[in-house]
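Spelled out from the first residue to the last, the chains are:
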Amino acid sequence: MHQSGIRRSALALALAGALGLPLAATPTGAQAQAQTERLYSINLAAQPLNTALTALSRQTNTPIMAGGSRVTSHNAPAVSGRMTVQDALSRLLAGSGLASAATPGGGFAVTAPESGPAVTTLAPVLVTGRSQLSEPYAGGQVARGGRVGMLGERDVMDTPFNIASYTSELIQNQQANTIADVLANDSSVRTVNDGQGSVAGTGDEFQIRGFPVRNQDVSFNGLYGMLPLRTIAMDGVERVEVLKGPTALLNGMSPRGSVGGGINVVPKRAGDEPLTRLTATYQSDSRFGGMVDMGRRFGENNEFGIRFNGSYRDGDTAVQNQSNQMGTAVIGLDYRSDKLRVSLDAGHQTNNIDAPGDSGVLIFGDNLPVPRAPDASKGYSPDWGYSKSRDNYGVLHAEYDITPQLTVFGGIGYRRSNNRYLYADPIVVGSEGELLMRPYYWPSWEQNVSSVWGARGKFNTGSVKHEVSLSYSTFEQRAGYYDYYIFGLSPSNLYDPAEIPKPSTDGLSSSPPRTSLLKLPTIALADTLSFADDRVQLTAGVRYQTVKSTNYSYTTGQETSHYDKSAVTPAVGLVVKPWNDVSFYANYIEGLTAGPIAPAGTSNAGEIFAPIKTKQVEAGVKVDFGSVTTTLGLFQIKQPSGLTTVSDGVTRYEMSGEQRNRGVELNAFGELARGVRLLGGITYIQPKMTRTASPATEGNSAVGVPRWMANVGMEWDPSFAPGLTLTARALSTSWQYQNLENTRRIPGWTRWDIGMRYATRAFDHPVTLRAAVNNVFGKDYWSSASEGYLRLGSPRSVMLSASIDF
């Protein structure tokens, strides 16, 4: 069956459920035959056969008749991949002595040869409203699609961009604590700063395609600035979606102007089956914790849902003298009907780190070499330092189908973050690790309000299909901070840290006044035109973005600077599918960053520059082999940069420089063979600086951008040990320059992670035991570099967990 036919069948099932029609109605003979031949993306964990059959029925909307003691007593293996229901049943029933047969109504019956058909029917779940998430792909680690900004949910094969959507199954199985742990699976992404182990003001900071993406620019169901400021815990997270490359049309300008890519977090929702899951956790050296995940649905058709996730972790980390306390509570309420969908998400996160680790070693001297990486488990920071963060947020979202072809939507959210940092910056001053430690205290707060309103419609003009999206969104951020309270300098050494006196913060205010105001109103319109039975899809759109930014003195409250500029950013994307499982794609899209203001000392001091446009062109191909999908993309991203020039004795500040990143990405995910799963990729980037106005830097490599990055993860379910899964992952990064003159660089590094998990039953309840070791060989390395900074990789750490479902 063609994919378009499959989609029409799925839509028919959804509409039938929404209208309350019986989904198990008997189809015609032709329809029943088509249903038995249809391929589904199946994702079933190892579990008792009766629950596995129920899950298969739900995943495929297929009635399955089963029952009896042999069904309840048999443990079924994990089954994943793209296959027919019959193939999935054959795998589930292997070794049970049971068989399956198609029934005249398009379903299946599980039978024992000596007893005939069973009598219990596992009917498919009533589908109410539209599906909000793409189904997991074979292997269950990545979804078949994800949110593409204002374009909505799209299948990866129908998207003219490179996207990856990591599932809650991956999050749980890898024991991911934060979003940085999830993104460690992507070869296009590198973590520049780890907010869980440092006090750097940016918290988590990533690099996508060689350009920075800060934690503050991660969106929550499409809204910017709603998630915790420094680091995002994975409690309550269903998906982490990554869209690579600039996203101005799709998402609007982000608060910090990140252009390397877009990261979106999708919250958990209550499923149709009740869920109560308790998890106990351990992380080296002595950090223990507990987690609860509960979901229930209510109403005649399960219209109302509630999902609660809570956790608390506390204790010593793998870094000497460092401890980390984190508590989270996240609740998601939702209502769904045939036309209306409403959700409310609210959360709290407290994150306290004592004796924080690496926030970056500062190195400025031109003649200083890059020091050898110290022992990551020892640390070099004073044990009196701390980072204290508290975040509260809430987001309300609604969609309403005016007609089957027209949907209106809206959402609004709020987040407040309060932070205090006491730390000492290490500054390299010698070739043998000599340091000057610069203690400082920095309190700050941030308050955001974000909203989005719009409509999506479908219509035809002759044989051409249109999917039109109109979106208007706002973002307003009020923030307060003081300049750093600095307490002088003290000598130390990177390899033999000295005792640094703790500075007194008595009398220092921890409640700064408002010092900045940022507003980002924007409107966008896009249309996807589909031709030739959806084999050719052209997306075109334009966004009008305004940037308003005002800074205030924290001593007088007077305005010190004001910025008010606008920009128009277009985008075009093309998908061509010569065959059902092959997509060629191309795009042109831009990113936006607030323009600079010419500094004092230049002839044009005070000149306000328009928002900086970062421009990308990309082309590639995606191939779905059934249980494995590969993507190959070539891209070029150009970003203007500011520099000071001198001509005829006149000094000016101009936007005449440029960073140009050209690269190739190869990614693969899915199930290579039964019980063997792959998730990985390799990325090559040429980061070149041009028009720098200096012979010493012209044509040099951009700072902190590695040429090669590779991530390869494998999972294996050995047939001789049902329920057991063995995992291994390698992350490799080539050398990268630490300064624009390219006279200093950090060496490349490779990190190995291993793990295992075991699914079984205890007291008649599903239990999963997990163990993992990250950086198994205990390698000490500089993980990233930036102008003036070096950041240390994480030490070896052990993670254990045990989950039980009730």
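Residues numbered from 1 in each chain as written. Predicted model: local features only at pLDDT ≥ 70, side-chain atom pairs only at ≥ 80, totals over all residues. Heavy atoms only, no water.

Our focus in this paragraph is the sheet that holds strand 14 (residues 205–208). One open sheet accounts for three strands, arranged 13-14-15; its pairing is antiparallel. Looking at the sheet topology across the chains shown, the edges are occupied by strand 13 (189–193) and strand 15 (211–214). The average angle at which neighbouring strand axes cross in this sheet is 35 degrees, direction not considered. In terms of strand pairing, strand 14 meets strand 15 through four bridges, oriented antiparallel. For Q207, the partnering residue across the bridge sits in strand 15 and is P212. (Pairing = 2+ DSSP bridges. Helix = DSSP H or I, 4+ residues; strand = E, 2+ residues; numbered from the N terminus. Axes fitted to C-alpha atoms, helices over the stretch in contact; angles between N-to-C directions.)

Take the confidence of the model for the chain next. In the predicted model, the chain carries a mean pLDDT of 88, and 91% of its residues have values of at least 70. Note that pLDDT drops below 50 for residues 115–131; the model gives that stretch 51 contacts with residues more than four away or on any other chain. (pLDDT = per-residue confidence, 0-100. Contact = heavy atoms within 4.5 Å.)

Right, let's talk about the sheet that holds strand 16 (residues 219–220) for a bit. On the basis of which strands lie adjacent, the open sheet formed by five strands has the order 12-18-19-16-17 and mixed pairing. Either end of the sheet is taken by a strand with one partner, and the two such strands are strand 12 (162–167) and strand 17 (223–224). Sheet analysis places strand 16 next to strand 17, joined by two bridges and oriented antiparallel. Paired with S219 across the two strands is Y224, which belongs to strand 17.

Quick look at the pattern of salt bridges now. Two side chains bearing opposite charge may form a pair once their charged atoms approach each other closely. In this structure the tally under the stated criterion is 30 salt bridges. Salt-bridge contacts for D425 lead to R438; the nearest nitrogen and oxygen are separated by 3.2 Å. With a gap of 13 residues between them, D425 in strand 27 (residues 406–428) and R438 in strand 28 (residues 434–461) connect regions that are remote in the sequence. Since its relative accessible area comes to 9%, D425 is described here as buried. For K465, the salt bridge is made with D534, and the minimal N-O distance between the two is 3.5 Å. (Salt bridge = Lys/Arg side-chain N within 4 Å of Asp/Glu carboxyl O. Buried < 20%, exposed > 50% of the residue type's maximum accessible area, 1.4 Å probe, protein only.)

Here we come to helix 3 (residues 49–60). For helix 3, spanning 12 residues, the distance from its first C-alpha to its last is 16 Å, which sits close to the expected 16 Å at 1.5 Å a residue. Listed in full, the buried residues belonging to helix 3 are L49, A52, L53, L56, S57 and T60. For helix 3, the angular spread of buried residues about the axis comes to 140 degrees, placing them on one side. In the stretch just after helix 3, N61 is the one whose phi turns positive, near 55 degrees. (Expected span 1.5 Å × (residues − 1). Arc of directions from axis to C-beta.)

If you want to describe how two helices pack, look at the angle between their axes and the distance between the axes. Taken N-terminus to C-terminus, the directions of helix 3 and helix 5 (residues 85–93) make an angle of 170 degrees; their axes are 11 Å apart at the nearest point. Classified by the angle their axes make, helix 3 and helix 5 are roughly antiparallel. As for the relative orientation of helix 3 and helix 5, their crossing is right-handed in sense. Where helix 3 abuts helix 5, its residues L49, A52, L53, L56 and T60 lie against V85, A88, L89, L92 and L93. (Parallel < 35°, antiparallel > 145°, perpendicular 65-115°, else oblique. Left-handed = near helix turned anticlockwise from the far one by under 90°.)

Below, the discussion takes up empty space enclosed by the protein. Evaluation of the coordinates by the stated rule reveals nine cavities of 30 Å³ or more. Considering only enclosed or pocket space, the second largest cavity measures out at about 230 Å³ in volume. Lining of the second largest cavity is provided by 23 residues; of these, G222, N251, V452, S471 and S473 occupy positions nearest its centre. Here the residues of the lining of the second largest cavity are counted per class, giving nine nonpolar, 11 polar and three charged. (1 Å grid on protein atoms, 1.4 Å probe; cavity = no way out; pocket = protein on both sides within 12 Å on 5 of 7 lines; lining within 4 Å. Points joined across faces, edges and corners; volume = space filled by probe spheres on them. Nonpolar A, V, L, I, M, F, W, Y, C, P; charged D, E, K, R; others polar.)

Further remarks concern the nonpolar core. Among the nonpolar cores identified, the biggest contains 35 residues, and Y166, I179, V182, L183, M234, V240 and I263 are the most heavily contacted of them. Taken together, the elements giving at least two residues each to this core come down to strand 12, helix 6 (168–173), helix 7 (179–183), strand 14, strand 18 (237–244), strand 19 (261–267) and strand 26 (386–403). For this core, the element with the most residues is helix 7, which contributes four residues. For V240, the residues in contact, after removing those within four places along its chain, are A164, S165, Y166, I171, I179, V182, L183, M234, I263 and N264. Counting residues in each nonpolar core, the second largest holds 25 residues, with A376, W384, Y441 and I500 among its members. (Core = buried A, V, L, I, M, F, W, Y, C linked by side-chain atoms within 4.5 Å.)

Let us now look at the environment of L508. Looking at the element boundaries, L508 is found in the loop between strand 31 (490–493) and strand 32 (516–519). On the basis of relative accessible area, L508 is assigned to the partly exposed category, the value being 25%. On a C-alpha basis, the gap between L508 and Y441 in space is 8.9 Å, while along the polypeptide they are 67 residues apart.

For the peptide bond that leads from S284 to D285, omega is 10 degrees, which places it in the cis range. In this structure, D285 sits in strand 21 (residues 285–298). Phi angles above zero are rare outside glycine, and A532 is one such case at about 50 degrees. Positive phi values are uncommon outside glycine, yet D648 reaches one of about 55 degrees. Counting through the fold element by element, D648 comes out in the loop between strand 38 (628–647) and strand 39 (650–673). On the basis of relative accessible area, D648 is assigned to the exposed category, the value being 78%.

Scanning all chains against the criterion turns up 15 aromatic pairs. Geometrically, the ring pair formed by F609 and Y653 is edge-to-face, given 5.9 Å between the ring centres and 70 degrees between the ring planes. Of this pair, F609 sits in the loop between strand 36 (582–593) and strand 37 (612–624) while Y653 is found in strand 39, placing the two residues 44 residues apart along the sequence. No difference in accessibility class separates F609 from Y653, as the two residues are buried. A centroid spacing of 5.1 Å and a plane angle of 75 degrees characterise the contact between W735 and Y737, whose relative ring orientation is edge-to-face. A connected cluster of aromatic rings, assembled from ring pairs, spans Y441, Y482, Y485 and Y554. The aromatic ring of Y495 is capped on one face by R372, whose charged end is 4.1 Å from the ring centroid. (Phe/Tyr/Trp six-rings, centres within 6.5 Å; stacked < 30°, edge-to-face > 60°. Lys NZ or Arg CZ within 6 Å of the ring centre and 35° of its normal.)

As a further point, take the side chain of N661. Structurally, the position occupied by N661 is in strand 39. In terms of polar contacts, N661 uses its side chain to reach the side chain of Q659, at 3.2 Å. Residues in contact with N661, not counting those within four places in the same chain, are R209, G210, F211, F635, Q636, I637, I685, Q686, P687 and K688. (Polar contact = N/O pair within 3.5 Å; in protein donor to acceptor, adjacent residues only side chain to side chain.)

With burial as the criterion, only one face of strand 41 (residues 708–716) is covered, namely that bearing M709, N711, G713 and E715; the residues W708, A710, V712, M714 and W716 on the opposite face remain uncovered. Two strands pair when backbone bridges link them, and strand 40 (residues 676–690) and strand 41 are joined in this way by nine bridges, in the antiparallel orientation. Bridging across to strand 41, G680 finds its partner in V712.

V85, A88, L89, L92 and L93 are the residues of helix 5 that are buried. The arc that holds the buried residues of helix 5, viewed along the axis, is 125 degrees, so those residues lie on one side.

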